[in-house]
Amino acid sequence: MEVTETFAGIALPGHLHTQESLGFAAAFTFRPTDVLIATYPKSGTTWMQEILTLLFSLGDARPAKTIPNWERAPWLEQIYCREALQDTETPRLLTTHLPAHVLAPALQRSKAKVIYVARNPKDVAVSFYHFHHLAKFLPDPSSFDDFLTQFLEGTVHYGSWFDHVKGWLGQRHLLDILYVTYEELHQDLRGTAQRLSTFLGCPLAPGTLAALEQHCSFSAMRDNTMANYSLIPNEIMDHSQGRFMRKGVVGDWRSHFSPEQNALFNRRYQEEMGAMELPSQWPMA
Ligand code: A3P
């Protein structure tokens, strides 16, 4: 049965988090060498974990093929990741879905780098809806229409997409943060990897880009048990309901949204994001 924890005003899956694990994340001591991947769910988190694993290993795919992604890039707030967070290796690759206001004070005190990955929220909503069928730790979604209403109201688990994105965008002058979109990973993986390597000060070894393109493709990751979550037991993810690596495309919302849903979404997007200064590569809703 699905259990909910409420933290910092947002609902989170109680199977993955406790008040203690969430408090631990909020009080986390970052090291200057840490690299934190921050995302709203379904925005390309796993893809970025894989890309950074390959960048740090200088293109050697062995770590990505032998260590599960939640150990290579543990979640600050999840109960299952505590051991991996004790890792002394540097740089530490970390992951979070928490909102900026929870982590910003600790991040501002450190020199840790943050990579915020965002995706067109219409595709996020579709991907999240399908993930609710698979993930036993999330509430059962009824219809797509109901789910979309909750998504736009921000009452889904992990809270409002708009608040999450605006919160992290609001940190642009306060943190050492790079904004990357799911869409640009699709459009230009090499160029984005180069941008990441410059930001991280992690040189690109010869062959890294080719290895990265090969290993981080949708098909390679779909078949990599260390990245595709197929190792997660059925009580937590019901694999008969679909795959975590579902479609991996841009614009799947077009086959889900009715014209009315699209008009409603556009109105909400405009209300929430209209006045926001967005990075140039930002996807249009
Ligand atoms: P879909 O459900 O649209 O297929 P997250 O890791 O943040 O939970 O995001 C999961 C989404 O990213 C899923 O989207 C998944 O298929 C997609 N994804 C993961 N790896 C990818 C890759 N290498 N190429 C394209 N999409 C990828």
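Before going into details, it helps to say that this report is about the structure given with it. This one's a predicted model, so the numbers in the text were calculated from it and none came from an experiment. (Residues numbered from 1 in each chain as written. Predicted model: local features only at pLDDT ≥ 70, side-chain atom pairs only at ≥ 80, totals over all residues. Heavy atoms only, no water.)

Details of the layout of surface pockets
- In this structure, the largest pocket occupies an estimated 730 Å³ of space.
- Forming the walls of the largest pocket are 37 residues, and the residues nearest its centre are K42, T46, F131, Y229 and F244.
- Among the elements of the structure, helix 2 (45-56), helix 7 (121-134), helix 10 (182-187) and helix 13 (218-223) are those that each provide at least two residues to the lining of the largest pocket.
- Of the residues contributing to the lining of the largest pocket, the split by class is 23 nonpolar, 10 polar and 4 charged.
- By volume, the second largest pocket is sized at about 400 Å³.
- Looking at the second largest pocket, it is lined by 17 residues, and the ones nearest its centre are R72, D87, E89, P91 and L93.
- In terms of residue count, the dominant contributor to the lining of the second largest pocket is helix 2 (3 residues).
- Of the residues contributing to the lining of the second largest pocket, the split by class is 9 nonpolar, 3 polar and 5 charged. (1 Å grid on protein atoms, 1.4 Å probe; cavity = no way out; pocket = protein on both sides within 12 Å on 5 of 7 lines; lining within 4 Å. Points joined across faces, edges and corners; volume = space filled by probe spheres on them. Helix = DSSP H or I, 4+ residues; strand = E, 2+ residues; numbered from the N terminus. Nonpolar A, V, L, I, M, F, W, Y, C, P; charged D, E, K, R; others polar.)

A look at the sheet that holds strand 3 (residues 35-39)
- Reading across from one edge, 4-3-5-6 is the order of the 4 strands in this open sheet, with parallel pairing throughout. The strands lining the two open edges of the sheet, one partner per strand, are strand 4 (93-96) and strand 6 (176-181). Within the sheet, the average angular offset between the axes of one strand and its neighbour, ignoring direction, is 25°.
- Bridge count for strand 3 against strand 4 is 4 bridges, and the pairing is parallel. Within strand 4, the residue paired with A38 across the bridge is T96.
- Sheet strands touched by helix 2: strand 3, strand 4, strand 5 (113-118) and strand 6. Its angle to strand 3, the strand with the most contacts, is close to 160°.
- Along the sheet, helix 11 (residues 189-200) contacts strand 3, strand 5 and strand 6; its crossing angle with strand 6, the most-contacted strand, is approximately 175°. (Pairing = 2+ DSSP bridges. Axes fitted to C-alpha atoms, helices over the stretch in contact; angles between N-to-C directions. Contact = heavy atoms within 4.5 Å.)

Remarks on the side chain of E77
- By secondary structure assignment, the location of E77 is in the loop between helix 4 (69-72) and helix 5 (82-85).
- Separated by 2.9 Å, the side chains of E77 and T96 make a polar contact.
- Each residue touching E77, except ones within four places of it in the same chain, is listed here: L16, H17, S21, L22, A25, T95, T96, H97 and L98. (Polar contact = N/O pair within 3.5 Å; in protein donor to acceptor, adjacent residues only side chain to side chain.)

Some thoughts on the site of the ligand
- Around the ligand sit 19 residues in total, of which T45, T46, S127, K247 and G248 are the nearest.
- A distance of 3.2 Å separates an oxygen atom of the ligand from a polar backbone atom of K42.
- For the ligand, whose free accessible area comes to 570 Å², the fraction covered by protein is 97%.
- When atom positions are compared with the pocket grids, the ligand is found to occupy the largest pocket.
- The set of elements that each furnish at least two residues to the shell around the ligand consists of helix 2, helix 10 and helix 13. (Near = heavy atom within 4 Å. Areas by Shrake-Rupley, 256 points an atom, 1.4 Å probe, with all protein chains shown as cover. Sits in = over half its atoms within 2 Å of the grid points.)

So, the pairing of strand 3
- Among the 5 residues of strand 3, 5 are classified as buried, and the element is accordingly described as predominantly covered.
- Across the two faces of strand 3 the burial is the same, with V35, I37 and T39 and L36 and A38 all buried.
- Relative to strand 5, strand 3 runs parallel, the two sharing 5 bridges. Bridge pairing links I37 to I115 in strand 5. (Buried < 20%, exposed > 50% of the residue type's maximum accessible area, 1.4 Å probe, protein only.)

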